[in-house]
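Geometric and topological summary
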Amino acid sequence: MMKSNKNFRVLILLMILLSLLAFVGCSGKTAETDQSTQQAAETQDKPAYPEKPVEIIVPVPAGGSSDTVARLLAEFATKEFGQSFYVTNKPGGALTIGTAEMVKSAPDGYTLLATPLGPIVMQPHYKELPYKLDDIEPIAYTTARYDALAAKKGAFKDINALINYIKEKPGQAKYGNVAIGGLPHIATENWLMQIEGEATGIGFDGDADCMTALLGGHIDFAIIGGSFIEQYNAGNLDVFAIGAPERIQELPDVPTFKELGYDVDTMIWEGVFAPKGIPEDVADRLNEVLNKILNDPVFQEKAKVVGEYPNPMSREDFKAFVQKEFELYKKIINESPAGEKIKKAMTK
């Protein structure tokens, strides 16, 4: 009898042990199932985007720094998303034609705009446009650059020779401006007022066209971005001053405007935008991937060749930045002497 009780207790213990093992096994499977379910849910949370090629409108001609950055972004985005991103150049109207084309497109993430600041925060203060700032959704701050005062190699010995030429022939010297009313235009008129000189502005749709005219001697000088670093290093261009807070690494021998006693700022930022109404998840995904690209050392080196410096920013920060810049240029255009002069000329 004692032996039977002992066997019975052993049997009960074995049954309890087997039950515990079964429970632990089920718990492990449940945990694995929960984890798989969570991963699946996270995958579902990410938009099925893009499912077809994505167009990036660039409102300047091919060849300038803005175009170069947009094409680099398209190249890297194609690799990241596994879907084609391609550039379409739609210049004209001081960059507003391509911008308006983007604004009227479907807000589905398949038409984007890569542009400098001008058509977003400056041009709306000169005249009524077919779009407003509220029609545009900021997606990502991409790069920034500093434009420089330049002339064809050998045209002027130094900046003083250029100033003397401008002052000796009031209104006869010709300068190039990229997008009438844009930042290079305001910066140039601001500098001319500081040297008490007059010159005639010639408008261009982009840096590439302006550079061609400068190198060809069709204009005398320009505050220009784009390939000025390459042209300077190639011996085709003289660069007299740059509108940066301090000298840039690529041109250590070129002084800033401030060093020369002038208050001239030429920082031009670039960004990617979409039509208002783009799905939030798609906008967030674009910002996430574009910021990843901007942090890529290979992308950074390629951008720096044309003087563009990546500056990743969250969507929230970029939206706040754009609004702040909009208000800043509203004040500059309406209240500064250079802005008032350009605005008056544009309304003639």
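Residues numbered from 1 in each chain as written. Predicted model: local features only at pLDDT ≥ 70, side-chain atom pairs only at ≥ 80, totals over all residues. Heavy atoms only, no water.

**Re the pairing of strand β7 (residues 200–204)**
Note that strand β6 (residues 174–178) and β7 share five bridges and pair parallel. Within the sheet, the bridge partner assigned to G176 lies in β7 and is I202. For the crossover from β6 across helix α6 (residues 183–195) to β7, the handedness is right-handed. (Pairing = 2+ DSSP bridges. Helix = DSSP H or I, 4+ residues; strand = E, 2+ residues; numbered from the N terminus. Right-handed = clockwise from strand over helix to strand, strands pointing away.)

**Looking at empty space enclosed by the protein**
A complete count under the given rule lists four cavities of 30 Å³ or more for this structure. By volume, the largest cavity amounts to about 160 Å³. Lining the largest cavity are 20 residues, and of these L95, P116, R145, V178 and A179 lie nearest its centre. Listing elements by their share of the lining of the largest cavity, those giving two or more residues are α2 (65–81) and α6. Residues of the lining of the largest cavity, tallied by class, amount to nine nonpolar, six polar and five charged. As a volume, the second largest cavity reaches approximately 60 Å³. Surrounding the second largest cavity, I56, L73, A77, F85, L112, A114, V272, L286 and L290 form its lining. Of all the secondary-structure elements, those providing two or more residues to the lining of the second largest cavity are α2, β3 (111–116) and α9 (280–294). (1 Å grid on protein atoms, 1.4 Å probe; cavity = no way out; pocket = protein on both sides within 12 Å on 5 of 7 lines; lining within 4 Å. Points joined across faces, edges and corners; volume = space filled by probe spheres on them. Nonpolar A, V, L, I, M, F, W, Y, C, P; charged D, E, K, R; others polar.)

**Some details on the sheet that holds strand β9 (residues 237–242)**
An order of β7-β6-β8-β5-β9 is seen for the five strands of this open sheet, with the pairing classed as mixed. Single-partner strands in this sheet number two, and they are β7 and β9. The sheet shows a mean angle of 30 degrees between the axes of neighbouring strands, direction not considered. Relative to strand β8 (residues 221–224), β6 runs parallel, the two sharing two bridges. When the sheet's bridge partners are listed, Y175 is paired in β8 with F221. Packing of helix α7 (residues 207–215) onto the sheet brings it into contact with β5 (148–152), β6, β7, β8 and β9, and relative to β8 it is tilted by some 155 degrees. (Axes fitted to C-alpha atoms, helices over the stretch in contact; angles between N-to-C directions. Contact = heavy atoms within 4.5 Å.)

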